[in-house]
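Working through the structure, step by step
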Amino acid sequence: MKTSTNSLKLGAVVAALGGVVALMMLAANFDLNQEGFFRTMILYLLIAVIFFAFAGAFKSNGQWGKGVLTIMAFVLYAIIIAGVIIEMLSLVYGLILLVFGILPLVCALLSAKSDVWFSEAKF
């Protein structure tokens, strides 16, 4: 039986909190009169979904291996940075989301048991 380390548990919690923060930012920016309203809301929802999928990867029998977890983290960073560059996200919101995105990856890569946790057969 596999046992999770505290750093893996922390990574899962921080990733889930990142999804919650993205949804809170969506609610804070909700304005039907804004031009490009749907594009902005879809960006926030996409970021939240990736954060929640990222958190799900930390559970036992998760859907991703360590390599896929790393790739998806960089996909998340690219989406956040692109959102800031095209001004769909504010710089402050982008930095907050990047911090919530970097911490779970750091927790996964620095954990002593992450190789065992993420490498076992998923099915």
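In short, a report on the structure.

Definitions and limits used
- Sequence order as written defines residue numbering, which begins from 1 separately in each chain.
- The predicted nature of this model means local features are confined to residues of pLDDT at least 70 and side-chain atom pairs, given and counted, to a pLDDT of 80 or more, with totals for whole chains, interfaces and linings taken over all residues.
- Water and hydrogen atoms were dropped before computing side-chain values, which therefore reflect all heavy atoms in the structure.
- Here a strand is any run of E in DSSP of at least two residues, a helix any run of H or I of at least four, and the numbering for each starts at the N terminus.
- Whether a residue is buried, partly exposed or exposed follows from its accessible area with a 1.4 Å probe, protein chains only, as a fraction of its type maximum: under 20%, in between, or over 50%, in that order.
- Here an axis means a line fitted to C-alpha atoms, over the contact stretch when the element is a helix, while the angle between two N-to-C directions is reported on a 0 to 180 degree scale.
- An angle below 35 degrees is read as roughly parallel, one above 145 as roughly antiparallel, one from 65 to 115 as roughly perpendicular, and any other as oblique.
- Here is the rule for handedness: rotate from the far helix to the near one, and if that takes an anticlockwise turn smaller than a right angle the crossing is left-handed, while a clockwise turn gives right-handed.
- We call two residues contacting when some pair of their heavy atoms lies within 4.5 Å.
- In the scheme used here, Gly and all other residues not listed as nonpolar or charged are polar, with Ala, Val, Leu, Ile, Met, Phe, Trp, Tyr, Cys and Pro taken as nonpolar and Asp, Glu, Lys and Arg as charged.
- Aromatic pairs are defined between Phe, Tyr and Trp rings, using the six-membered ring for Trp, whenever the two ring centres lie within 6.5 Å; interplanar angles under 30 degrees are classed as stacked, those over 60 as edge-to-face, and all others as tilted.

This next bit is on the overall build of the protein chain. Scanning the protein chain for helices and strands turns up 5 helices and 0 strands. Listing every helix and strand of the protein chain by position from the N terminus yields α-α-α-α-α. For the protein chain, with 123 residues in total, the buried portion stands at 40%.

Turning to the packing of helix H2 (residues 37–56) against helix H3 (residues 66–85), a few remarks are in order. Viewed as axis vectors pointing N to C, H2 and H3 meet at an angle of 160°, and their least axial separation amounts to 11 Å. Between H2 and H3, the interaxial angle falls into the category roughly antiparallel. Crossing of H2 over H3 shows left-handed handedness. Taken together, the residues of H3 that come into contact with H2 (itself represented by Leu43, Leu46, Ile47, Ile50, Phe51 and Phe54) are Leu69, Met72, Ala73, Leu76, Ile79, Ile80 and Gly83. For the contact of H2 with H3, the per-class residue count stands at 12 nonpolar, 1 polar and no charged.

With that settled, the discussion passes to the packing of aromatic side chains. On inspection of all chains with the given rule, the structure shows 4 aromatic pairs. Ring centres of phenylalanine 30 and phenylalanine 37 lie 5.2 Å apart, and the angle between their planes is 85°; on these two criteria the pair is classed as edge-to-face. Residue classification places phenylalanine 37 among the buried residues on the basis of a relative accessible area of 9%. Here phenylalanine 54 and phenylalanine 58 contribute two aromatic rings whose centre-to-centre distance is 6.0 Å and whose plane-to-plane angle is 70°, an arrangement assigned as edge-to-face. Residue class for phenylalanine 54 comes out buried when judged on its relative accessible area of 1%. Pairwise contacts between aromatic rings join Phe30, Phe37 and Phe38 into one cluster.

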